[in-house]
Amino acid sequence: MLLVVGFGVGGSDERSLVSQASGWRGLVGGPRSSVTVGQREIVVLKTPSLAQRVAANGGLATQHQEHEWTRAAIAAQKQLLAEMATHGILIRVDFSFARVLNGFSAPLDPSAVALLERQSDVAGVYPVRVAYPASLSSRLLGKEGVAVGAGSLLSVLLPGYDGRGVTIALLDTGVDRAHPYLRGRILPGVNLVDPEVRGGAAAVADPDEPSRLEGHGTEMAGLLVGAGGPGGIAGVATGASLLPVRVAGWQLDKTGGWAVYARTDQLVAGLERAVDPNLDGDAHDAARIALVGVAAPYAAFADSPEARAVSGALDLDTLVVAPAGNDGPAGPGYGSIASPGGAPDALTVGAADVRTQAEDVPVTVRTGLRLLLDRRLPLAGAVVPSKPLELELAAPRVSAHGLDAFFDGHGVSLVAGKAAFVRAGDDPMRAIEDAVQAGARAVVVYGAELPAGGLGLDEQVDVPVMSAPGRVGGLVAAALSAHRAAVVSIGLPGTAANGSAEQIAPFSSRGLAYDARVKPDLAAPGIVLATAEPGRNDDGSPRYGTVNGSSGAAAVVAGAAALLAQLRPGLGAPDLRGLLAGSAEPLADTSVTAQGGGLVDLGAAASAELAAWPDTLAFGRARGDGWHSTQRLTLHNVSSRRFRVRIRNVGQTGLQIQAFPKVVRLKPGGSFTVRLVARLRGVPPAAGSAEGEIVLQPRGSAALRVPWAITFGQPAQDLLSAVALSSTSFRPSDTLPAVLAFVAGSVSQDLAGPQVQPVARLDAELWRSGARLGLLARLRDLVPGKYAFGLTGRDSDGNRLPAGSYTIRLVAVSTAGGPATRQSVRFRIK
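Residues numbered from 1 in each chain as written. Predicted model: local features only at pLDDT ≥ 70, side-chain atom pairs only at ≥ 80, totals over all residues. Heavy atoms only, no water.

## A closer look at the sheet that holds strand 31 (residues 610-613)
- Strand order in this open sheet of four strands is 31-33-37-35, and the pairing throughout is antiparallel. In the strand order of this sheet, the two ends are held by strand 31 and strand 35 (655-660), each with one partner. Neighbour-to-neighbour, the strand axes of this sheet turn through a mean angle of 25°, independent of strand direction.
- Bridge count between strand 33 (residues 628-637) and strand 37 (residues 671-680): nine bridges; the pairing is antiparallel. Note that in strand 37 the partner of L633 across the bridge is V674.
- The strands that helix 10 (residues 573-582) touches are strand 31 and strand 33; relative to strand 31, the one it contacts most, it runs at about 100°. (Pairing = 2+ DSSP bridges. Helix = DSSP H or I, 4+ residues; strand = E, 2+ residues; numbered from the N terminus. Axes fitted to C-alpha atoms, helices over the stretch in contact; angles between N-to-C directions. Contact = heavy atoms within 4.5 Å.)

## Remarks on the packing of helix 9 (residues 550-567) against helix 10
- Viewed as axis vectors pointing N to C, helix 9 and helix 10 meet at an angle of 120°, and their least axial separation amounts to 11 Å. Taken together, the axes of helix 9 and helix 10 lie oblique to each other. When the axes of helix 9 and helix 10 are compared, the crossing they make is right-handed. Only L576, L579 and L580 of helix 10 make contact with helix 9, whose side of the interface consists of A561, L564 and A565. (Parallel < 35°, antiparallel > 145°, perpendicular 65-115°, else oblique. Left-handed = near helix turned anticlockwise from the far one by under 90°.)

## A few points about helix 6 (residues 305-315)
- Counting buried positions over the eleven residues of helix 6 gives eight, a clear majority of the element.
- Residues of helix 6 that are buried include every one of P305, E306, A307, A309, V310, G312, A313 and L314, and no others.
- Where helix 6 is buried, its residues meet strand 2 (40-45), helix 1 (50-56), strand 5 (122-127), helix 5 (264-275), strand 17 (319-323) and helix 10.
- One or two residues past the end of helix 6 sits D317, with phi positive at roughly 70°. (Buried < 20%, exposed > 50% of the residue type's maximum accessible area, 1.4 Å probe, protein only.)

## Observations concerning the pairing of strand 37
- Alignment of strand 35 against strand 37, held across six bridges, turns out to be antiparallel. Counted as the bridge partner of I657 is A678 from strand 37.

## Notes on the packing of aromatic side chains
- Under the defined criterion, the tally for this structure stands at eight aromatic pairs.
- With a centroid separation of 4.3 Å and an interplanar angle of 5°, the aromatic rings of F421 and Y446 are classed as stacked. Remark: Y446 occurs in strand 23 (residues 442-446) and F421 occurs in strand 22 (residues 419-423); sequence separation between them is 25 residues. Neither F421 nor Y446 differs from the other in exposure class; each is buried.
- An aromatic cluster of at least three residues, connected via ring pairs, comprises F301, Y334 and Y514.
- The ring of W767 has R809 lying over it, and the distance from NZ or CZ to the ring centre is 4.0 Å. (Phe/Tyr/Trp six-rings, centres within 6.5 Å; stacked < 30°, edge-to-face > 60°. Lys NZ or Arg CZ within 6 Å of the ring centre and 35° of its normal.)

## With respect to the packing of helix 5 against helix 6
- As a packed pair, helix 5 and helix 6 sit with axes 10 Å apart at the nearest point and diverge in direction by 5°. Overall, the two elements helix 5 and helix 6 adopt an arrangement that is roughly parallel. Residues T264, L267, V268, L271 and V275 of helix 5 pack against P305, E306, A309, V310 and A313 of helix 6.
- Its residues assigned to classes, the contact of helix 5 with helix 6 comprises eight nonpolar, one polar and one charged. (Nonpolar A, V, L, I, M, F, W, Y, C, P; charged D, E, K, R; others polar.)

## Considerations on the nonpolar core
- Counting 65 residues, the largest nonpolar core has L224, I289, L291, L319, V321 and L564 as the members making the most contacts within it.
- Broken down by element, the residue count for this core peaks at twelve residues, all from helix 9.
- Excluding anything up to four places from it in sequence, V321 contacts I289, A290, L291, V292, L347, V349, A554, V557 and A558.
- V44, W69, V268 and A283 belong to the second-largest nonpolar core, a separate cluster that totals 50 residues. (Core = buried A, V, L, I, M, F, W, Y, C linked by side-chain atoms within 4.5 Å.)

## As for the confidence of the model for the chain
- Looking at the chain as a whole, its pLDDT mean stands at 88, while 90% of the residues score no less than 70.
- Note that residues 1-24 has pLDDT below 50 and, in this model, 120 contacts with residues that lie over four places away or in other chains.
- Note that pLDDT drops below 50 for residues 142-149; the model gives that stretch 18 contacts with residues more than four away or on any other chain. (pLDDT = per-residue confidence, 0-100.)

## Focus: the environment of P207
- Position of P207 among the secondary structure elements: in the loop between strand 10 (205-206) and strand 11 (209-213).
- Residue classification places P207 among the partly exposed positions, given a relative accessible area of 46%.
- With 51 residues separating them in the primary sequence, P207 and W258 have C-alpha atoms 7.5 Å apart.
- Residues in contact with P207, not counting those within four places in the same chain, are W250 and W258.

## Focus on unusual backbone geometry
- Omega for the bond connecting K519 with P520 falls within 30 degrees of zero, at 0°, which places this linkage in the cis form.
- When you line up the elements, P520 lands in the loop between strand 27 (503-504) and strand 28 (522-525).
- Each neighbour pair has its own omega, and for W613 with P614 the value is 0°, a cis peptide bond.
- Of note, L279 is a non-glycine position whose phi angle comes to about 55°, a positive value.
- Relative to the assigned elements, L279 resides in the loop between helix 5 and strand 15 (289-292).
- Here the phi dihedral of A722 falls at roughly 50°; this positive angle occurs in a residue that is not glycine.
- Look at A722 and you get exposed, because its relative accessible area is 58%.

This is the structure we're talking about:
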């Protein structure tokens, strides 16, 4: 049995356990492998995609029209590729897109990007990013069922409905179709990570360690459609059909090893298959719902290819549900929302903690006669001691790493039969599992305060686990390094109230998105959710476990959307999104940038008569007295009766938001677009931001809420720093270019968390004698970080520059608008 810290007796039922954001580090989403995408870019064309053609046609199209429009989009790509070939640039396309957006992905060097950006049919060239699974499993759930504190899905159940007749596309890792919990509800699917491999979107094993199956897709599938699990656990939409699209899986990382991740071009390709599963150019067979289980951290750009693809899917009547991300709190301006959750048309979901109870144990720690700790600590895992324990504490070697650190030079375990005392680091799960594998009977983690239930249920951790408070951890570490004995005593467990209940999970990403839009749109249960795990146990029984993270919360909402679509089949994708977000139940004392509209309430959405889109607003940044901004809000009567809607703003003073008109009359099925004008009068609020909601009150029906948030002050002016050229005088060379390095964007620390300032576009222009010679390179949608260009001594057309003096001018444009940042570097061609 493994254990973390403690000794004592039971406690009062009034105890309350509260978790902090730092305690969840490494317990949601897992460690992110360092990955290179190999200069891959996504080229977006101006020629309309299938989705844009359908939208322009009022949302209606025949099968023949859709075939023709898809072919026209593909023909435009072929024409562009042929034109590039005439310039000597042969492009090897990885993925071609024609349905949700018109474009393709390919490896491109800066000169090819600059030439493409000058083509008349190119809307932009955007970076391919890495997206990671947005939850982490903690297995294994035994045959006895669910442990204390497991997340509840009661708020998303609809008696009499199970999603039958609704198809949900799952864009994630592969799925274990043979799992009894999923059997009969999983379609063969599509494998976009390894297209040549037969077998559909099956869960794949690590090529270097066949016992390790990619698990995230199976876990999300269980939350969506699982049925018949231990203890009566089940998914949300047990009658729905699931189309797995493998956009993530085992791929090589920078070290040459294997890691589970997706690229955003694979994600866009996955949305192409969600709306057109058989790739015949006709989207009438599109999935009703698409759940994206992966997230690209801090990439909430409204114009990104992923965001465009989400909008395209919505135009083809597929609702895309996406996780907010697991990067926790952020400053009052732009937040920590991931992509595609930052897409204006995505239904973005934050994770909430709805557990009412959690377990704790009494713990004491001593070194000699000195008592270092005597208190109850939250139980991080699901295994509890059956009797009081007293164990010697032992630490791994600091000179070794991984499992080797728990053994001495002769192969003898340092922690066998003891309580392992381990540093949490970036991957506490791995450290704990290594300690257990080395024979520890208990684990005490220091360096992070693990939250109650944070480890969930883990088959490799068959012992209790806790974390020592920071001060105690330091004292024990000092004692063990000085070869002084330390002892931990652990008593019997008790149940405590979950002090974080009905709150947004500390790890859940916050808004605003980079277009200043409120994100997430709503929240759902996202902690200790019971589900399936791929593979089988040693005794042949199927595996079950729990997950934590915003992708688990997104799966809950996607399942709820399937139930709502079954109940009200006449609703379009924008209506489904508007009803779910607008009818959510606001959480008390919680910012809209953390919860959006609030906690999902499927019962309220099922009975709502009014839908609105967009479901969150983006007024932008208020820059001073007299500032004003306009948003448009479309109201749609989804009932069979005529009614009047009153529109009012509920929010902080000092900021006026007026609706024109204030009252709207809607006939059954009717729509009307309202103009909302926000104005700042006088001095901005001292808090630096304001928030509230537009309340839409139909007569005789429940109100709908549309949240807004506005920050104040001028956007960051300095978007470029640390600009340096490796050589200011050089000869033209394609193999040994001079390197222009710089930092774009910024991250500053605010009391609320990191404040991110991204860059919408960065141009590298070539100048001489006051005249602009051309565009050498263009980067779009830059997250803060270090970047570099290679200067080969050629102009924008690829010609060698004559000897003389030149200037590179960097021009950075903020996502918040305002004046661009410019910096120049001079150099000389010999």
